[in-house]
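Commentary on secondary and tertiary structure
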Amino acid sequence: MTPSPISAPRCDRRPRRPAAPSSPPSRSRRCHGLADPVAPIAVALITVALVTVGLVRPVAAELRIDVTRGQAEPVPIAITGLAGAPPSAPAVGRRLAEVISADLESSGLFAPLPPARFPPEAGSRPDTPRFGDWVALRQQALVTGQVSGEPDGRLKVAFRLWDVFAEQQLTGLAYYTRPNNWRRVAHIIADAVYARLTGEPGYFDSRIVYIAESGPPTNRVKRLAIMDQDGHNHRYLTDGRTLVLTPRFSPTAQEITYLSFLTNKPRAYLFNIDTGRQEVLGDFPGITFAPRFSPDGNKVIMSLATGTHTNIYTLDLRTRVIVQLTDSPAIDTSPSYAPDGDRIAFESDRGGTQQIYVMAADGASVRRISFGDGRYASPVWSPRGDLIAFTRIHRGRFSIGVIRPDGTGERILAESFHVEGPTWAPNGRMLMFFRETPIDGGLRRRARLYVIDLEGRREREVVTPMDASDPAWSPLIP
Amino acid sequence: MRAAVVVLVGVALVLAGCETPGDDASGDGPTTTIPGAGADAGGLGRAPLGPVDARVTPGSQADLSSRVGDRVYFGFDRYDLTTAARATLDRQAAWLRQFPNVAVTIEGHCDERGTREYNIALGHRRATAVKSYLVALGIPGSRIDTTSFGKERPSVAGSDQASWAENRRAVTVVN
C-alpha cells in the first residue's frame, strides 16, 4: 500500500487574517466551509476525509498540465456521474459531475468528454474503473465518485481522480455536507482536480461581488450583488435605492468594501456579508473612494479628494489610525497592494495623464511603470504577485491588459468601446472584467461580465440576471 | 433650452474642426476648448439675471435654472472654467446674493469616456473649481457644498461627442 499523492485537504489552508485574541475562533481555521450567506448561522458545512486505495502500479511519466502553456490542446478528461442516489438528493450525482465538468471546461485547460460518449455503465465501478474503456476513448484523466446519505441527513460525496494510462489514482477525497450545499462540494472537487493536475491552486470555490445595473443611463439603478464564480447562487446585497460602485472582497471573503452615495457624496463603506451591516469607513474631510483591503485585512487603502487634490490614505480598521501615503496636487487613485503587502500600485496624473506607478507600502520610492501609448488606469495586483492588470484608454478605445511590476512585458488581452474593471481569479491565472456596449443608437448600454485567460485567447461571458459591472473576484472561500 | 445647448455644442465642435480624440485625448471626451464659445453659452443672454417667471418660486432650483443657468460645461479632462462658464457663475453669484438664505451643492460630472474612479476625482475637481470661483466672488464657502458623481449620472444618454460635451458639467443644486 502506497499512500495516494493527495493534495492538501482544505482545512490546511493558511488563514489569511489572524483572529483577534478576544474574538471567537476564526471560521477559516476550521475544516469547514464559509457559511452560506443566506443562512449565516449555518456552520460545519463540509468536512473532509481522505480516500485511500492501493495503487495498481507505479507510473513513469505523471499526467501533468502546464497552465502557462500556449496553444496546446485541452486535456481530455471524463467526469462520470457520481454513483449512488440518496433519497434526499436523488439526482445529485449527475449534477455534481455537470458542475465539475463546467468548472474544468471553463478554465480552457480541460476538455470534458460529453456524457453521451461514455461507455456503458460508466461510473458504476467508482473504485475499480475499466481503464481500457477510457483509453479507447482517448481520455487521459478520469473522475469517478459516489454519493450517499448519512444517518444525520448529510451527504457524503467521495471522488477519485485517475490517471487513465497509468491506471493510477492521483487523488481521492470525501466530503460531508448539507444536501443543499452540493454545488460548493462540486467546486471544491473541481479545485482538487485542477490542483492535482496543474500543480497550482484552483479557483472554482470562489465568489464574485459586482454591481447589478438596470434602468436608463441617465438614472441607472446600481445594486451590490454576489454570486458563485460560475454565476449560481446569485443574490442582491443592496436594494438599489442608493448608488453603489467598486466593491472589493476582504481576504476572508466575509466583508466587502465599496463606494456608496448614501449621503449624496461618494464615501467608502464596509459591508458584512453575514450580517448585512454597513458602516462608513473613517471620518475624512472630503470624499473618499477606490477602497480596497490590505492583504492582511487589517487596513483599507483608498483615495481622499480634498479640493482639486486626490491622495491615497490607509485606514487601520482596528486602531482607526489614518495614514497619508501620497501628497501631490494630482489625482492619485485606484491603489492596489501587492499580495505580500510590501508595495502598492496606483494610478496618478501627476505626469500629465493617467499612468501607473508603484511605491513602497509607506509611500516611499514612487516609480512609474507604464510608458505605452495612451492612459493607464486602475492597476490591480495579481494574487501571484507576478503581474498587474490595468485598464488602458488609447485612441478612444478601452482595453484590459497586464504588465509586470517592473514595467516590462505589457500585453493587451481585450479591447472594446468600453472595457474596464479587471479582477483576478484567486490563483492569478484568469481575469474577469466588464464590457459595456452602446445599443439602441447609443441611448442604452448593455453591460456584461467576461472571463479571459492570460493569453487573451479565450473569452467567455459570465451570465448575470441583468446588466453587470465592477466585478471583484473573492479569494478561495476559507 | 436643452435643445439649444445641444445645437450650440454641435456648432462649437464644427468650428473646432470636429477634433477627434488623439492618443491621450480619450479619457473624458474630445479636447475642444473654444474661447468665449463654451457649451454653456446657450441662449442665456448677457443680462445678469433673466426675466422672472411668475410660475416659478424665487430662490428655487427652477428659478436658478430658468433665469440664471444652473450648470457650466468643461472641456475634455479639464476643470478650468471657460469664459462662458464664468459668465454663468457671475449670474449664479448675483442670484445667490439675492437669496442669502439659499445653500447649494455643486455636483461635478464627467462623460463616460474615462475610468470610473478617475472620473470621481475629476468630477470633484470640477465642483471645486466652481465653488472656488463663487467664493472668490464673495459667496460664503459655508453656503456651498461639493460632491462628485463621476460618470454615474450623465445628463443625456447618447454615445457621441455632443452628448459627452453636455455631460461634462458642474450643476449647482439648491439644497
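To be clear, the structure that these remarks concern was listed above.
Residues numbered from 1 in each chain as written. Chains lettered and ligands numbered in written order. Predicted model: local features only at pLDDT ≥ 70, side-chain atom pairs only at ≥ 80, totals over all residues. Heavy atoms only, no water.

1. Description of the interface of chain B and chain A
Heads up, the rule is: Whether two residues touch is decided by their heavy atoms; if any such pair falls within 4.5 Å, the residues are in contact. Buried area is calculated as the accessible area (1.4 Å probe) missing from two parts once they are joined, with the contributions of both summed. The salt bridge definition used is simple: a Lys or Arg side-chain nitrogen within 4 Å of an Asp or Glu carboxyl oxygen.
Counting residues at the interface gives 37 residues for chain B and 54 residues for chain A. Buried surface at the junction of chain B and chain A, summed over both partners, amounts to about 3600 Å²; 52% is from carbon and sulfur atoms. When the buried area of chain B at its contact with chain A is split by residue, Arg 113, Arg 116 and Glu 117 of chain B rank highest and sum to 20% of it. For the pair chain B and chain A, the interface holds eight salt bridges.

2. Some thoughts on helix α4 (residues 116–136) of chain B
Operational definition: Numbering of helices and strands starts at the N terminus; helices are DSSP runs of H or I of at least 4 residues and strands are runs of E of at least 2. By this rule the span expected of a helix is its residue count minus one, scaled by 1.5 Å. Each residue is placed in one exposure class: buried if its accessible area under a 1.4 Å probe, protein chains only, is under 20% of its type's maximum, exposed if it is over 50%, and partly exposed if it falls in between.
With 21 residues, α4 of chain B should reach 30 Å at 1.5 Å per residue; the first-to-last C-alpha distance of 30 Å fits that figure. With respect to burial, α4 of chain B is a largely interior element, 17 of its 21 residues being buried.

3. So, the packing of helix α3 (residues 83–98) of chain B against α4 of chain B
Residue and element names in this part refer to chain B. Threshold: Here an angle of 0 to 180 degrees is reported between the N-to-C directions of two axes, which are lines fitted to C-alpha atoms, with helices fitted over the stretch in contact. With respect to orientation, any angle under 35 degrees is reported as roughly parallel, any angle over 145 as roughly antiparallel, any angle of 65 to 115 as roughly perpendicular, and every other angle as oblique. For any pair of crossing helices, the crossing counts as left-handed if the nearer helix is rotated counterclockwise from the farther one by less than a right angle, and right-handed if it is rotated clockwise. Throughout, the ten residues Ala, Val, Leu, Ile, Met, Phe, Trp, Tyr, Cys and Pro are labelled nonpolar, Asp, Glu, Lys and Arg are labelled charged, and all others, Gly among them, are labelled polar.
Closest axis-to-axis distance for the α3/α4 pair is 10 Å, and the angle between their directions is 55 degrees. With respect to each other, α3 and α4 are oriented oblique. Between α3 and α4 lies a crossing of right-handed hand. Taking contact as the criterion, the partners of Arg 86, Leu 89, Asp 90, Gln 92, Ala 93 and Leu 96 in α3 are, on α4, Val 130, Tyr 133 and Leu 134. Grouping the constituent residues of the contact of α3 with α4 by class yields six nonpolar, one polar and two charged.

4. Considerations on helix α1 (residues 92–106) of chain A
Residues and elements named next belong to chain A. Its 15 residues give α1 an end-to-end C-alpha distance of 21 Å, which sits within 8% of 21 Å, the value for a rise of 1.5 Å per residue. Taken together, the buried positions of α1 are occupied by Val 92, Gly 93, Leu 96, Ala 97, Val 99, Ile 100, Ser 101, Asp 103, Leu 104 and Ser 106. At the C-terminal side of α1, Gly 108 shows a positive phi close to 80 degrees.

5. Here's the deal with the sheet that holds strand β3 (residues 144–150) of chain B
Residues and elements named next belong to chain B. To keep it simple, the criterion reads: Two strands make a pair as long as DSSP finds a minimum of two bridges between them.
Taken together, four strands build an open sheet; the order of strands is β1-β4-β2-β3 and the sheet is mixed. On the outer flanks of this sheet lie β1 (71–73) and β3, each paired with one strand and no other. Sheet twist, expressed as the mean angle between neighbouring strand axes with direction ignored, is 20 degrees. Bridge analysis of β1 against strand β4 (residues 169–174) gives three bridges, and the strand direction is antiparallel. Note on β4: the bridge partner recorded for Arg 71 is Val 171.

6. What about the pairing of strand β10 (residues 244–249) of chain A?
Residues and elements named next belong to chain A. Burial analysis of β10 places five of its six residues in the buried class, the great majority of the element. Looking at chain direction, β10 and strand β11 (residues 255–260) are connected through four bridges and run antiparallel. Along β11, the bridge assignment pairs Leu 245 with Leu 259. Turn length for the β10-β11 hairpin, with the two strands adjacent in sequence and antiparallel, is five residues, and the turn residue Ala 253 shows positive phi of about 65 degrees.

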